[in-house]
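Single-letter residue listing:
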Protein chains: 2
Amino acid sequence: MLSKKTKYGLKALTYIARKGNNEPVQIGEIAKNEHISQKFLESILLTLRKSGFLGSKKGKHGGYYLIKKPSDILMTDVMRVLEGPIALVPCVSLNFYEKCIDCPDEATCSVNKLMIQVRDSTLNVFKNNTLEDISK
Amino acid sequence: MLSKKTKYGLKALTYIARKGNNEPVQIGEIAKNEHISQKFLESILLTLRKSGFLGSKKGKHGGYYLIKKPSDILMTDVMRVLEGPIALVPCVSLNFYEKCIDCPDEATCSVNKLMIQVRDSTLNVFKNNTLEDISK
DNA sequence: TGCAATTTCTATTAAATCGATAGGAATAAT
DNA sequence: ATTATTCCTATCGATTTAATAGAAATTGCA
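These lines cover the structure that appears in this document, whether it is placed above or below. Note that this is a predicted model, so its numbers are computed, not measured.

Conventions adopted
- Residues numbered from 1 in each chain as written.
- Chains lettered and ligands numbered in written order.
- Predicted model: local features only at pLDDT ≥ 70, side-chain atom pairs only at ≥ 80, totals over all residues.
- Heavy atoms only, no water.
- Helix = DSSP H or I, 4+ residues; strand = E, 2+ residues; numbered from the N terminus.
- Polar contact = N/O pair within 3.5 Å; in protein donor to acceptor, adjacent residues only side chain to side chain.
- 1 Å grid on protein atoms, 1.4 Å probe; cavity = no way out; pocket = protein on both sides within 12 Å on 5 of 7 lines; lining within 4 Å.
- Points joined across faces, edges and corners; volume = space filled by probe spheres on them.
- Least-squares fit on C-alpha atoms with pLDDT ≥ 70 in both.
- Contact = heavy atoms within 4.5 Å.
- Expected span 1.5 Å × (residues − 1).
- Buried < 20%, exposed > 50% of the residue type's maximum accessible area, 1.4 Å probe, protein only.
- Near = heavy atom within 4 Å.
- Nonpolar A, V, L, I, M, F, W, Y, C, P; charged D, E, K, R; others polar.
- Buried area = accessible area lost by both parts, 1.4 Å probe.
- Salt bridge = Lys/Arg side-chain N within 4 Å of Asp/Glu carboxyl O.

Quick notes on the side chain of Asn129 of chain B
Here comes step 1: Along the polypeptide, Asn129 of chain B turns up in the loop between α5 (110-127) and α6 (131-135).
Here comes step 2: Of the polar contacts made by the side chain of Asn129 of chain B, one reaches the backbone oxygen of Val125 of chain B; its length is 3.0 Å.

The structure is reproduced here in structure tokens:
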């Protein structure tokens, strides 16, 4: 299941992208329009800023704005920051690989075999979608 | 992330399928060979029995056996029983659909748009894999 | 200069879920 | 009977998730 963090993060990015201009958008406005707890959204936007998707301006008339064009923001990158590894098991993760403790041999592991396919197909979707695509 | 329940369940099914014959396989044997907590595995096999994948024989020389041929056991069905909905959000689930509380319009929701694609690609993988395929 | 609006940061908490454990009842083979 | 196994219910500890609280820092503006 997708975490609310990811869901809200995607919605917030979409909201900002749809505004079109580069004016800072305030947390409160996004929270209200997307029905998200403002405090929770705060921490999510902070994460997105620290990972290079958003810029921020403090103080009055402050807020968040996109640093890159929506068409340059890949879902692979957004998902990895918000949700973590795309793979469902560490032993098939490209960016966060870890050997399973309980599994002596990946070559004969049926879970490994299935999850590699799931990873690749999911990755394919995320690679082929930018923020622009999902904001249309 | 895949739950251990699903991981262990798949490993157990694979273990039984690889034995080839229809002799009951004991929980203890599977747990030992696949490095799974026996008590936890008990509850998983019970679930798989109740949902029609396994049969069981009680008492001495008892155990679990496959009810259908491995080539007739689809991953879509196994995954739904062990892991639950395949969709990452309820609003794109085919079998467990629920409207999102916070989302007034699915047609304009970017999360919905992205997650439909993920669902379809994942579903495609599970549809094209039987227990026989992953046990090879 | 001071006030108001906003992001930033740290800490805490409530609830849910997950993985594992415990113990005994029922059943079957010998 | 005895032994080995599945079956069932209940519980627990740890972790994670989602949300909350409150105050510091920054900025715009009168």
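That covers the picture; the talk isn't over yet.
Notes on the layout of surface pockets
Here comes step 1: Size it by volume and the largest pocket reaches roughly 530 Å³.
Here comes step 2: What lines the largest pocket is a set of 24 residues, among which Met1, Ile86 and Leu88 of chain A together with Met1 and Leu88 of chain B lie closest to the centre.
Here comes step 3: Contributing elements (two or more residues each) for the lining of the largest pocket: α5 (110-127) of chain A together with α5 of chain B.

Details of the relation of the copies chain A and chain B
Here comes step 1: Of the transformation superimposing chain A on chain B, the axial component is 0.0 Å and the angular component is 180°, with the fit at an RMSD of 0.0 Å. Taken together, the turn and the small shift mark the pair as related by a two-fold rotation axis. Every residue of chain A has its C-alpha some distance from the rotation axis, and the shortest such distance is that of Ser121 of chain A, at 2.9 Å.
Here comes step 2: Both copies share a contact surface, since 100% of the interface residues of chain A are interface residues in chain B too.

Let's talk about helix α1 (residues 4-19) of chain A
All names here are of chain A.
Here comes step 1: Its 16 residues give α1 an end-to-end C-alpha distance of 23 Å, which sits within 8% of 22 Å, the value for a rise of 1.5 Å per residue.
Here comes step 2: Burial within α1 is extensive, with 12 of its 16 residues counted as buried.
Here comes step 3: Looking at α1, one finds that the buried residues are Thr6, Lys7, Tyr8, Gly9, Leu10, Lys11, Ala12, Leu13, Thr14, Tyr15, Ile16 and Ala17.
Here comes step 4: Two residues or fewer past α1, Gly20 is found with a positive phi of approximately 85°.

As for the environment of Val118 of chain B
Here comes step 1: Structurally, the position occupied by Val118 of chain B is in helix α5.
Here comes step 2: For Val118 of chain B and Ile86 of chain B, which are 32 residues apart along the polypeptide, the C-alpha to C-alpha distance reads 9.5 Å.
Here comes step 3: In contact with Val118 of chain B, not counting residues within four places along its chain, are Thr122, Val125 and Phe126 of chain A together with Leu88 of chain B.

Looking at the side chain of Asp102 of chain A
Here comes step 1: Within the fold, Asp102 of chain A resides in the loop between α4 (75-82) and α5.
Here comes step 2: With near-sequence residues (within four places) excluded, Asp102 of chain A lies in contact with Lys7, Tyr8, Lys11, Glu34 and His35 of chain B.

Focus on the protein's contact with DNA strand D
Here comes step 1: Within the structure, DNA strand D sits among 25 residues, and Lys39 and Phe40 of chain A together with Arg49, Ser56 and Tyr64 of chain B are positioned closest to it.
Here comes step 2: Among all atoms of DNA strand D positioned within 4 Å of the protein, those belonging to sugar or phosphate total 76%.
Here comes step 3: In this structure, a phosphate oxygen belonging to DNA strand D sits 3.0 Å away from a main-chain N or O atom of Lys4 of chain A.
Here comes step 4: Counting only elements with at least two residues in the surface near DNA strand D, the list comes to α1 and α3 (38-50) of chain A together with α3 (38-50), β1 (54-57) and β2 (63-66) of chain B.
Here comes step 5: No other element matches the four residues that α3 of chain B contributes to the surface near DNA strand D.
Here comes step 6: By residue class, the composition of the surface near DNA strand D is five nonpolar, eight polar and 12 charged.

Quick notes on the interface of chain A and chain B
Much of the literature gives interface size as the accessible area that the parts lose upon coming together.
Here comes step 1: The partner chain B presents 37 residues to the 36 residues of chain A that form the contact.
Here comes step 2: Across the interface of chain A and chain B, roughly 3,200 Å² is buried in total on both sides, 64% from carbon and sulfur atoms.
Here comes step 3: Among the residues of chain A in contact with chain B, Met1, Asp102 and Leu114 of chain A are the three that bury the most area, contributing 19% of the side total.
Here comes step 4: The interface formed by chain A and chain B holds four salt bridges in total.
Here comes step 5: Between Asp102 of chain B and Lys11 of chain A there is a salt bridge, with its nearest N and O atoms 3.9 Å apart.
Here comes step 6: At the boundary of chain A with chain B, the tally comes to 14 residue pairs in polar contact (both at pLDDT 80 or more).
Here comes step 7: Contributions of two or more residues to the side of chain A that touches chain B are made by α1, α4, α5 and α6 (131-135) of chain A.
Here comes step 8: No other element matches α5 of chain A, which puts 11 residues into the side of chain A that touches chain B.
Here comes step 9: Residues of the side of chain A that touches chain B, tallied by class, amount to 20 nonpolar, eight polar and eight charged.

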